[in-house]
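Now for the letters of each chain:
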Amino acid sequence: MTSEELFKNLIAHAKEYGFIFPSSEIYDGLSAVYDYGQMGVELKNNIKNYWWNAMVRQHDNIVGIDSAIFMHPRIWEASGHVGAFNDPLIDNRDSKKRYRADVLLEEHIAKIEDKITKEVEKGRKKFGGAFDEAQFRATHPNVLRNAAKAAEIRENMNAALNANDLDVLKQLIIDCEIVCPVSGSRNWTDVRQFNLMFSTQLGSVSDEAGVIYLRPETAQGIFVNFLNVQKTGRMKIPFGIAQIGKAFRNEIVARQFIFRMREFEQMEMQFFVRPGEEMKWYEYWKNERLRWHQSLGLGNEKYRFHDHEKLAHYANAAADIEFNFPFGFKELEGIHSRTDFDLSRHQEFSGRKQQYFDSETNENYVPYVIETSIGLDRTFLAVLSAAYCEEQLANGEERVVLRIPPVLAPVKLAVLPLVKKDGLPEKAREILQTLRSDFNCQYDEKDSIGKRYRRQDAIGTPFCITIDHQTLEDNRVTIRYRDTMQQDRLPVAEVAVAVGSFQ
Ligand code: ATP
């Protein structure tokens, strides 16, 4: 099965089992907006808790806030979003489809890099054990030519983006002979800038003065509360403020399921440090965040760093943690050294000092900031796509199992009476009652036990216990493990420990 087919199956599965529904589905949906269903919301809440626990609970010097989505419009002028939160868009006149100019170029570069990979694989097959990849890459004429081509396009694109030169971007698209994937033509419009912020009106006045924005990132809510938190929490630098919340971006091309949405959630942490110490903390948080991802156990090889060449207007260093999604390695989290840009700008625009008095150095300064910014929905997709597995069993049957890390699984334990009579349902409910305050449990008495196991596999429940006639006599149950499908017999009193120890 191709990864594209697998991804399609995953999307269908997510809908069938109550993880994700297209928004407003009975009205034919709303583009790039999704709703989380009964299983989805559990998984999402568990991801939030896992992050919050690691970032806030485990650090003495990090606290959380929950700021409003609506903020004073001057904030977005100060942050640079009104002037510079743009994407370069280009239309194809024949298909009437709209694209991000930089994405068209990135995809073109990816195709060239694909050719290189294929050439290397050909070489590996040809030379077998004697194959020296480094030497092959350094000498093979086709590889060298394509690598130089990709590097040149990337360099020109980054230069054009940095200089905001839209004519050069268009020329690059023409020079690379990029065609519209839908119409196949090269009939392109000029490249234009498009601001990604949604705007709306505050109150009943519908003039310019009433315009406010839906926040495109949660970070600014943290910056404008920097002194509130620092003073009321008596925080000493270095310290961090964390927040989980909705953000909105009018993405030009929103696709790949919940990877790129117009309404999404971010989990961000801004870490305030002494000027001059930002690179040390930048490296620290890069490593810490990678460790957090790896602790989920989805496979260390699924992550990689991508250092930014084109830096945002506020940053002096930036890297992404990329995840190997079903459509390739893409950004999951950004770690940015944001300098003192945001606080200085708010100081300038609000006229209020945004400084910290450092009692160790006896100095007043505007702190520097390291940001860790991770998409909750993208993490959800990472977990789901790593967990989704279509499996052929030894007895010839097939099962779809979600190998979600137990700590994140929507339902931790299913309680299943073997039959619907002889007092087994009553006994099962009695056991359920003692366990449901410890973890999310599900009770199921319908259909054969095999079918019930399959249903739990499909939503990723790591443990099932079965109550049978023997249980009535010895108070022992059969516990069945999702991943190995192995079964053990154990006393009811030990179930909580068995389930808890895997969390
Ligand atoms: P991209 O380059 O993919 O557009 P970005 O660099 O603009 O992302 P940031 O501004 O760094 O993203 O936002 C931080 C995180 O928020 C991203 O790493 C991503 O996980 C998440 N995110 C950003 N835009 C979206 C979106 N449209 N849908 C879902 N998650 C998003």
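Reading the values: the criteria
- Residues numbered from 1 in each chain as written.
- Predicted model: local features only at pLDDT ≥ 70, side-chain atom pairs only at ≥ 80, totals over all residues.
- Heavy atoms only, no water.
- Helix = DSSP H or I, 4+ residues; strand = E, 2+ residues; numbered from the N terminus.
- Contact = heavy atoms within 4.5 Å.
- Areas by Shrake-Rupley, 256 points an atom, 1.4 Å probe, with all protein chains shown as cover.
- Lys, Arg positive; Asp, Glu negative; His and termini not counted.
- Charge placed at Lys NZ, Arg CZ, Asp CG, Glu CD.
- Phe/Tyr/Trp six-rings, centres within 6.5 Å; stacked < 30°, edge-to-face > 60°.
- Buried < 20%, exposed > 50% of the residue type's maximum accessible area, 1.4 Å probe, protein only.
- Pairing = 2+ DSSP bridges.
- Near = heavy atom within 4 Å.
- Polar contact = N/O pair within 3.5 Å; in protein donor to acceptor, adjacent residues only side chain to side chain.
- Nonpolar A, V, L, I, M, F, W, Y, C, P; charged D, E, K, R; others polar.
- Axes fitted to C-alpha atoms, helices over the stretch in contact; angles between N-to-C directions.
- Salt bridge = Lys/Arg side-chain N within 4 Å of Asp/Glu carboxyl O.
- Domains from an automatic or database assignment.

Peer 1: Go over the overall build of the protein chain, please, and point to the residues and values.
Peer 2: A count of helical and extended segments in the protein chain gives 17 helices and 23 strands. C-alpha extents for the protein chain along the principal axes are approximately 80 × 65 × 55 Å. Relative to all contacts within the protein chain whose residues are 6 or more apart in sequence, the contacts with residues 24 or more apart total 66%. Of the roughly 24800 Å² of accessible surface on the protein chain, 48% is carried by carbon and sulfur atoms. The positive charge centre, built from 65 side chains, and the negative charge centre, built from 73, are 2 Å apart in the protein chain.

Peer 1: So, the packing of aromatic side chains: which residues are in play, and what are the values?
Peer 2: The tally for this structure, following the rule as stated, stands at 24 aromatic pairs. A centroid spacing of 5.3 Å and a plane angle of 75° characterise the contact between Phe 259 and Phe 325, whose relative ring orientation is edge-to-face. In this pair, Phe 259 sits in the loop between strand S9 (239-248) and strand S10 (263-273) while Phe 325 sits in strand S12 (residues 317-325), placing the two residues 66 residues apart along the sequence. The class of Phe 259 is buried, set by a relative accessible area of 4%. You can call Phe 325 buried: its relative accessible area is 2%. For the ring pair Phe 271 and Trp 285, a centre distance of 5.3 Å and an interplane angle of 65° mean the geometry is edge-to-face. Remark: Trp 285 occurs in helix H11 (residues 278-295) and Phe 271 occurs in strand S10; sequence separation between them is 14 residues.

Peer 1: Can you explain the pairing of strand S22 (residues 476-481)? Please cite residues and give values.
Peer 2: Summarising burial for S22: 5 of the 6 residues are buried, a large majority. Both S22 and strand S23 (residues 487-491) contribute to a ladder of 5 bridges, which runs antiparallel. By the bridge assignment, Thr 478 is partnered in S23 with Arg 489. Counting the residues that bridge the hairpin from S22 to S23 gives 5 residues, and of these Met 485 lies at a positive phi of roughly 65°.

Peer 1: If you had to explain the site of the ligand to someone new, which residues and values would you point to?
Peer 2: Close contacts around the ligand come from 15 residues, with Glu 251, Arg 260, Met 261, Glu 331 and Leu 332 the closest. Interatomic distance of 2.8 Å between a side-chain N/O atom of Glu 251 and a nitrogen atom of the ligand. Between the ligand and Leu 332, the relevant distance is 2.8 Å, taken from an oxygen atom to a main-chain nitrogen or oxygen of the residue. Look at the ligand: alone it shows 590 Å² of surface, and the protein chains cover 85% of it. Taken together, the elements giving at least two residues each to the shell around the ligand come down to S10, strand S13 (328-339) and strand S16 (368-375). Counting residues per element, the shell around the ligand draws most heavily on S13, at 5 residues. Classifying every residue of the shell around the ligand by side-chain character gives 4 nonpolar, 5 polar and 6 charged.

Peer 1: I'd love a proper account of the sheet that holds strand S11 (residues 303-307), names of residues and values included.
Peer 2: Ordered by their spatial adjacency, 7 strands build an open sheet running S3-S9-S10-S16-S13-S12-S11, and the pairing between neighbours is mixed. The sheet terminates laterally at strand S3 (62-65) and S11, the two strands that pair on one side only. Each neighbouring strand pair of the sheet contributes to a mean axis angle of 25°, computed without reference to strand direction. Judged from the 10 bridges that link them, S9 and S10 form a sheet pairing that is antiparallel. Bridge assignment links Gly 240 to a residue of S10, and that residue is Phe 271.

Peer 1: Describe in detail the pattern of salt bridges, supporting the description with residues and values.
Peer 2: For the coordinates displayed, the defined rule picks out 40 salt bridges. In this structure, the salt-bridge partner of Arg 274 is Glu 360, at a minimum N-O distance of 3.2 Å. Taken together, the positions of Arg 274 in the loop between S10 and H11 and Glu 360 in the loop between strand S14 (356-358) and strand S15 (363-365) put the pair 86 residues apart, joining distant regions of the chain. Two residues, Arg 338 and Glu 371, come together in a salt bridge whose shortest N-O distance is 2.6 Å. On the criterion of sequence distance, the pair formed by Arg 338 in strand S13 and Glu 371 in strand S16 is long-range, its members being 33 residues apart. On the basis of relative accessibility, which here comes to 2%, the residue Glu 371 falls in the buried class. Because the salt bridges share partners, they merge into one network encompassing Glu 391, Glu 397, Arg 399, Arg 403, Arg 454, Asp 457, Arg 480, Arg 482 and Asp 483.

Peer 1: Describe the domain arrangement of the protein chain, naming the residues involved and giving the relevant values.
Peer 2: Structurally, the protein chain comprises domain 1 (1-70 + 214-401) and domain 2 (411-500). Look at where the C-alpha atoms of domain 1 and domain 2 centre, and you get two points 35 Å apart. Each partner contributes to the interface: domain 1 provides 12 residues, whereas domain 2 provides 12 residues. Among the salt bridges present, the one from Asp 457 reaches Arg 399, with a minimum N-O distance of 3.0 Å. Across the contact surface, domain 1 and domain 2 share 5 residue pairs in polar contact (both at pLDDT 80 or more).

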